[in-house]
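Observations on the model geometry
Take a look at the letters that make up each chain.
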Amino acid sequence: MKSSVETIDPTRVKLSIDAPFAELKPSVDEAYRELAKQVNIPGFRRGKAPARIIDQRVGRPAVIQEAVNNSLDGFYQEALAENDLTPLGQPEVEVTDIPGLDGKDEGDLKVTIEVDVAPTIELPAFDSIEVEVDDIEVTDEDVAAQLDELRERFGTLVTVDRPAAKDDFVTLDLVAKIDDEEIDQAADISYQVGSGTMLEGMDEALDGLSEGEETTFETTMAGGERAGETGVVTLSVKNVKVRELPEVDDEFAQLASEFDTVEELREDLKKQAAEKKEFDQGVEARDKVLEALLERIDPPVPSNVVEAEVHRHLEGESRLEDDVHRAEVTEETTRNLRVQFVLDAVVRAEEIEVSQPELIEYIINASQQYGMDPNQFAQMLDQQGQVQALMGDVARRKGLAEALAKAVVKDSEGNVLDMTAFTTPGGAAAEAAAEEEAAAEEAAGTEETVESEATDASAADSAETAEESADKE
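Thresholds, definitions, all that
Residues numbered from 1 in each chain as written. Predicted model: local features only at pLDDT ≥ 70, side-chain atom pairs only at ≥ 80, totals over all residues. Heavy atoms only, no water. Salt bridge = Lys/Arg side-chain N within 4 Å of Asp/Glu carboxyl O. Helix = DSSP H or I, 4+ residues; strand = E, 2+ residues; numbered from the N terminus. Buried < 20%, exposed > 50% of the residue type's maximum accessible area, 1.4 Å probe, protein only. Patch = residues over 30% accessible without salt bridge, like charges linked within 9 Å, V, L, I, M, F, W, Y side chains within 5 Å. Areas by Shrake-Rupley, 256 points an atom, 1.4 Å probe, with all protein chains shown as cover. Lys, Arg positive; Asp, Glu negative; His and termini not counted. Charge placed at Lys NZ, Arg CZ, Asp CG, Glu CD. Expected span 1.5 Å × (residues − 1). Axes fitted to C-alpha atoms, helices over the stretch in contact; angles between N-to-C directions. Parallel < 35°, antiparallel > 145°, perpendicular 65-115°, else oblique. Contact = heavy atoms within 4.5 Å. Nonpolar A, V, L, I, M, F, W, Y, C, P; charged D, E, K, R; others polar.

One pass over the full model with this rule turns up 29 salt bridges. Asp 116 serves as the salt-bridge partner of Arg 12, at 3.1 Å between the closest nitrogen and oxygen. Pair noted here: Arg 12 is in strand S2 (residues 12-20) and Asp 116 is in strand S4 (residues 108-117), with a separation of 104 residues, a long-range link. Both residues of the pair, Arg 12 and Asp 116, belong to the buried class. For the salt bridge of Glu 181 with Arg 226, the shortest nitrogen-to-oxygen distance reads 3.7 Å.

Put into structure tokens, the structure is as follows:
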């Protein structure tokens, strides 16, 4: 088989494939065997009819068509590998010449395929990238905030006889309707007023509401089959509670930690605050290195792939007519693709590989974010064909860590900072960063990077075009 590639634009190419009949012959023989099993021919046992009889019964073109359908994807994958192309989206296939239709085992199968591809990227030297990050400074306010978080974990909810206000906890019943049709209901929901974690407008509706009172408000449904539609929600408050925090004394220190005194606890919290600041500094450095790469490279993005992904996203939310949201999703998808292209280039340049232990570690961390058993989570990913995509995510994280390790990171005074703890695999900061990213992805609705669907395109996808071409012949 011979192949050549014509660049239409930086993210789209036309592949020309020329395969001699000899390479199609195994598929032709297999097609005869399969058709022989499917037809009943007097005088022959099923599956034993010779090729000439099959030709008489179903026609030589049907056999060749079946062979082309079965071999087309293999030729496509071989051409991609031969020309070092990473496809994006579905290919557009045109079979221009099919050999063997006249009964002769000669001639060439000629195919042209247009497909969007990842752009060619030239990476800068990572050590030429210099970024500045915030200094690490632990204040009394930082320690106080850590202490308040700890107190909240040991706080108790106490019922109060007054209207609900911001930060109060309410127990409520909820009924959602669209055009007087009840679409959802829930009872005994515990909700913190002002948290903004449920429906838009809910915090405003609850503010000032007392036990036993009821209110309704209009909102946009956030989930389910009616997501994106406007409905009316009725809230019934059953009680209002406040969180009472324990006093900060030695007794609390002994209850909440392994320390005997508050001073010992404060020192430990100061250390924890410093570690968090160091982690935040590493995240800032990593993000700035990525931004520096994007600014220097600015890779082009195929509009067809962006449009397809945006349509899929909006269709899943039932918001195809929401132009404002479409613009937001388009911008986000475009950026995600640019990041993916750049980090994939880093992965290739640094010859980064993902080991099985690294993949397992990532799956375990991700499964915890979803509250699933790691084995069940891994099985679900495998059934959905997402393992390769997951390996790509892990490789990109490693690639960005490699770029960060070689970049120059300075504080506000110009001191070069050591990012080893943040870039070394297995390091505490690196593991914390991976967990933080997984949590962020879950909060954003899980990962929505555009995968290279054409890489796994089945022969059946291309078969329709081959069948049409055979009919024309």
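All right, on to a negative patch on the surface then. Taken together, Glu 247, Asp 249, Asp 250, Glu 251, Asp 260, Glu 263, Glu 264 and Glu 267 make up a surface patch of like negative charges. Counting only elements with at least two residues in the negative patch, the list comes to helix H6 (250-256) and helix H7 (262-297). Mapped onto the elements of the fold, Glu 264 is located in helix H7. By relative accessible area, which is 38% here, Glu 264 ends up partly exposed.

Attention now goes to unusual backbone geometry. Of note, Asp 167 is a non-glycine position whose phi angle comes to about 80°, a positive value. Tracing the chain through its elements places Asp 167 in the loop between strand S6 (156-159) and strand S7 (169-178). Here the phi dihedral of Glu 351 falls at roughly 50°; this positive angle occurs in a residue that is not glycine. Here Glu 351 is to be found in the loop between helix H9 (323-349) and helix H10 (356-369).

Under the 1.5 Å per step criterion, the end-to-end length of H7 is 52 Å for 36 residues, consistent within 8% with the ideal 52 Å. A positive phi of about 45° marks Asp 298, the residue just after H7.

The interhelical angle for the contact between H10 and helix H11 (residues 374-383), taken along N-to-C directions, is 105°, at an axis separation of 9 Å. For the element pair H10 / H11, the angle class is roughly perpendicular. Two secondary-structure elements touch here, H10 through Ile 363, Ile 364, Ala 366 and Ser 367 and H11 through Pro 374, Phe 377, Ala 378 and Leu 381. For the contact of H10 with H11, the residue count by class is seven nonpolar, one polar and no charged.

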